[in-house]
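Descriptive analysis of the structure
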Protein chains: 2
Amino acid sequence: MSIKLLSTSKCFGGEIRRYSHQSDTLSCEMKFHVYVPPKSDKKPSILYFLGGLTCTDENFIQKGGAPQYAANCNIFLVCPDSSPRGVPAGEEDCWSGPGAGAGYYLNASNEKYKKHYNMYDYITKELYTLISTEFKDLTNTEKQSIFGHSMGGMGALNIFFKNSNLYKSISAFSPISNPINCEWASKALKSYLGDDQSKLEEYDPTFVLKSYSGPKVDLLVDIGTADEFFNDLKVDKLKEVNNQNINLTLRHQDGYNHGYFYVSTFMKDHIEFHSKYLN
Amino acid sequence: MSIKLLSTSKCFGGEIRRYSHQSDTLSCEMKFHVYVPPKSDKKPSILYFLGGLTCTDENFIQKGGAPQYAANCNIFLVCPDSSPRGVPAGEEDCWSGPGAGAGYYLNASNEKYKKHYNMYDYITKELYTLISTEFKDLTNTEKQSIFGHSMGGMGALNIFFKNSNLYKSISAFSPISNPINCEWASKALKSYLGDDQSKLEEYDPTFVLKSYSGPKVDLLVDIGTADEFFNDLKVDKLKEVNNQNINLTLRHQDGYNHGYFYVSTFMKDHIEFHSKYLN
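Each value, and the rule that gives it
Residues numbered from 1 in each chain as written. Chains lettered and ligands numbered in written order. Predicted model: local features only at pLDDT ≥ 70, side-chain atom pairs only at ≥ 80, totals over all residues. Heavy atoms only, no water. 1 Å grid on protein atoms, 1.4 Å probe; cavity = no way out; pocket = protein on both sides within 12 Å on 5 of 7 lines; lining within 4 Å. Points joined across faces, edges and corners; volume = space filled by probe spheres on them. Helix = DSSP H or I, 4+ residues; strand = E, 2+ residues; numbered from the N terminus. Nonpolar A, V, L, I, M, F, W, Y, C, P; charged D, E, K, R; others polar. Pairing = 2+ DSSP bridges. Axes fitted to C-alpha atoms, helices over the stretch in contact; angles between N-to-C directions. Least-squares fit on C-alpha atoms with pLDDT ≥ 70 in both. Contact = heavy atoms within 4.5 Å. Phe/Tyr/Trp six-rings, centres within 6.5 Å; stacked < 30°, edge-to-face > 60°. Buried < 20%, exposed > 50% of the residue type's maximum accessible area, 1.4 Å probe, protein only. Lys NZ or Arg CZ within 6 Å of the ring centre and 35° of its normal. UniProt positions renumbered as here; feature names shortened; annotations may be inferred.

**Looking at empty space enclosed by the protein**
All names here are of chain A.
- A full pass over the atoms with the stated rule returns 2 cavities of 30 Å³ or more.
- Considered as a void within the structure, the largest cavity measures approximately 40 Å³ in volume.
- Breaking the lining of the largest cavity down by element, the ones donating at least two residues are helix 1 (59-63) and strand 5 (75-80).
- Its residues placed into classes, the lining of the largest cavity shows 6 nonpolar, 3 polar and 1 charged.

Spelled out as structure tokens, the structure:
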């Protein structure tokens, strides 16, 4: 396991670094960004952000406005790509997937995609181990959290509630909340997983949250009322889950749409939310 | 004169809007972004940001981190493109110009470029009039300021010190400060203006600042000590100008490079600097 430093830029007293590495899980070269907060007496905790459809490792770190709040809260950010890159399967597909920029943070079982489209294992195993190893001197690896946007909000929800031993806290911006009942998301999921309903439910947050039985956890979710995908995302379905172990705060943000101008507006709230559990 | 609204996104309680219009000065269609701060009892003042080489109207508004501070300071941001677009001359040229993305905020006199490359008149006349007219009900058009980054820092300096009647305040991030003595910038300037030294000096900030004789003005300039163009920008030449009517604060920011991660770090300082003169 080795990573290659591609670039480094000082930002809000800390450092944004871009790395590449050869991923065994995805059978391709992957890039990711980290934000190292300014030096302090205490090692920073770790917070993963999972990007949405079409996003690479660059969108969030450039447009999310997160570094200033991560600096204030002594948080080390990890910003992975949203899907395998430069692989034969998928480059021809559409923005909503299956294919490039649309990995849905799952492990594909269908023949066409299973060699590369294993973003679930990449995030929870390969990258988790890589970050915890490569940055063990620089971070507090005992404290890690996760959040994301849109497809990445869906990924963060699924990953957290199936691995609550790995992460301390969870939040999401405008997550795809019930992909089975979203036309384009269910089409992508079926391409990766086949038609078996129980396989699809494994990656549907409403089902994953329903079956969660770990320790009581707070969940912060935002969605804009002017979100152009409001009806597809079905965020209100998360409320209906009604799991006693999940304390959901679902905020409808008046007039905001689906883009990064909205995400950046509420970034402070989300990073300070995670900071409560990470610090 | 008419503008066409292309998109609108709520951000930090205000609104980011993108417009297009047909520019007579540049003989092409141009796009720009504005940020309308949240409604308040007082009409917002206006602050222009001029982007650097290769930038369109999108880079600053997406990566600069400005809207939150503009919201706090009740400032209406205007974010023009850095050069004419989709015009026959210049598309083949390199990143440092002459050509697309490298308008240098001047009026070209050479035959090849003079139909389109008139960014100086575009910013100070056409766009200034358009903004003051189209947004007269929404803004305080009596109070306008200007700043910019790199080539746009050079543009802001030249434009302010030749038109201090139009603008209340001026600052710059890492401006090209003495283009005549920068290999690639002087090459571009000569392509636009010819070899006549006095023509070139009209767009060289060290000469423009030297000949400034307007009211006493504060000037804030930042540059990163790890700026990959540090030697080309010659920012320290601004110090040597030593014009009694210009009170220069030149800050060397330790370890920062030339990119938007650096710009975003000091955006608060610059917007609050302008706010002193705009509010």
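**Here we look at the sheet that holds strand 4 (residues 45-50) of chain B**
All names here are of chain B.
- Spatial strand order, 1-2-3-5-4-6-7-8-9: 9 strands in an open sheet with mixed pairing. Each end of this open sheet is capped by a strand with a single partner; those strands are strand 1 (3-11) and strand 9 (246-253). Across the sheet, the mean angle from the axis of one strand to that of its neighbour is 20 degrees, orientation sign disregarded.
- Bridge count between strand 4 and strand 5 (residues 75-80): 4 bridges; the pairing is parallel. Each residue of the ladder has a partner; that of Leu47, found in strand 5, is Leu77.

**Overview of the relation of the copies chain A and chain B**
- The operation relating chain A to chain B is a screw motion whose rotation component is 180 degrees, with 0.0 Å of axial translation and a residual RMSD of 0.0 Å. Such a combination of turn and shift is consistent with a two-fold rotation axis. Scanning chain A for the C-alpha nearest the rotation axis identifies A:Lys63, at a separation of 2.6 Å.
- A share of 100% of the interface residues of chain A reappears at the interface of chain B, consistent with the copies meeting face to face through the same patch.

**Quick word on the packing of aromatic side chains**
All names here are of chain A.
- The full count for this structure, using the stated rule, is 50 aromatic pairs over all chains.
- Taking 6.0 Å as the distance between ring centres and 85 degrees as the angle between the ring planes, the aromatic pair formed by Phe173 and Tyr262 counts as edge-to-face. Of the two residues, Phe173 sits in strand 7 (residues 170-173) while Tyr262 sits in helix 10 (residues 260-265), which places them 89 residues apart along the sequence. Grouping residues by exposure puts Phe173 and Tyr262 together as buried.
- Three or more aromatic residues joined by ring pairs make a cluster, and in this case those are Phe49, Phe60, Phe147, Phe173, Tyr256, Tyr262 and Phe266.
- Taking NZ or CZ as reference, Lys162 lies 5.1 Å from the ring centre of Tyr120, over its face.

**Observations regarding the UniProt feature "active site" (unreviewed entry) in chain A**
Residues and elements named next belong to chain A.
- UniProt's entry tags Ser150, Asp227 and His258 with the feature "active site" (unreviewed entry), counted in the numbering of this structure. Spatially, the listed residues are clustered: although they cover 109 residues, their C-alpha atoms lie within 10.8 Å of one another.
- Mapped onto the elements of the fold, Ser150 is located in the loop between strand 6 (144-149) and helix 4 (151-162).
- Judged by relative accessible area, which is 6%, Ser150 ranks as buried.
- Once residues lying within four places of it in the same chain are set aside, the contact partners of Ser150 are Gly52, Phe173, Ser174, Pro175, Ile176, Leu233 and His258.
- Summarising the element assignment, His258 is placed in the loop between strand 9 (246-253) and helix 10.
- Residues within four places of His258 in sequence aside, it is in contact with His149, Ser150, Ser174, Asp227, Glu228, Phe229 and Leu233.

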